[in-house]
Amino acid sequence: MKHDMRLNDGPFKKIKEGTKTIELRLYDEKRQLLHENDLILFKNRTTDEELLVEIIKLHKYPSFEELYKHFDKISMGYSENEEANPKDMEEYYSIEEQEKYGVVGIEIKKR
């Protein structure tokens, strides 16, 4: 199955260059439809460029705080000189949403 997702320019570029291999999302109804070996077509919000990836594994956690303990910051899309802070995800998903749905680290590889 193929899923469509939009991405900001920074994370899109890091997936394209191969450094970001874990996409962080809320495990809401839309993401509960994802399965290993499914495809995701990411569309860059800035340039409309598209990138096809395959889902290798879904890593489900109750919170981003828990998820961040299991992956290195580069694979989650941070630069070497940045601090990886799970609170960064509150810009996209409220604490209430995280508590309701949980979160998922979507392990991907470019196709």
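Residues numbered from 1 in each chain as written. Predicted model: local features only at pLDDT ≥ 70, side-chain atom pairs only at ≥ 80, totals over all residues. Heavy atoms only, no water.

1. Some words on the sheet that holds strand E1 (residues 2–7)
Taking strand neighbours across the sheet as the criterion, the five strands line up as E1-E3-E4-E5-E2 in an open arrangement whose pairing is mixed. The open sheet has two free edges, formed respectively by E1 and strand E2 (22–26), since each of these has just one partner strand. Here the strands of the sheet are splayed against their neighbours by 40° on average, with no regard to which way each runs. Relative to strand E5 (residues 103–110), strand E4 (residues 50–61) runs antiparallel, the two being bridged by eight bridges. The residue of E5 that forms the bridge with His 59 is Gly 105. (Pairing = 2+ DSSP bridges. Helix = DSSP H or I, 4+ residues; strand = E, 2+ residues; numbered from the N terminus. Axes fitted to C-alpha atoms, helices over the stretch in contact; angles between N-to-C directions.)

2. Section: unusual backbone geometry
Phi is positive for Asn 37, close to 75°, though the residue is something other than glycine. One can find Asn 37 in the loop between E2 and strand E3 (39–44). The class for Asn 37 is exposed, based on a relative accessible area of 55%. The phi torsion at Asp 48 lies on the positive side, around 65°, for a residue other than glycine. Positionally, Asp 48 belongs in the loop between E3 and E4. By relative accessible area, which is 45% here, Asp 48 ends up partly exposed. (Buried < 20%, exposed > 50% of the residue type's maximum accessible area, 1.4 Å probe, protein only.)

3. Considerations on the pattern of salt bridges
For the coordinates displayed, the defined rule picks out nine salt bridges. Between Glu 23 and Arg 25 there is a salt bridge, with its nearest N and O atoms 2.8 Å apart. Among the residues examined, Arg 25 registers a relative accessible area of 9% and is labelled buried. Note that Arg 111 and Glu 54 form a salt bridge whose closest N and O atoms lie 3.5 Å from each other. Of this pair, Arg 111 sits in the segment after E5 while Glu 54 sits in strand E4; the two residues are 57 residues apart in sequence, bridging distant segments of the chain. Judged by relative accessible area, Arg 111 falls into the exposed class, the value being 58%. Taken together, the shared-partner salt bridges in this structure form one network comprising Lys 20, Glu 23 and Arg 25. (Salt bridge = Lys/Arg side-chain N within 4 Å of Asp/Glu carboxyl O.)

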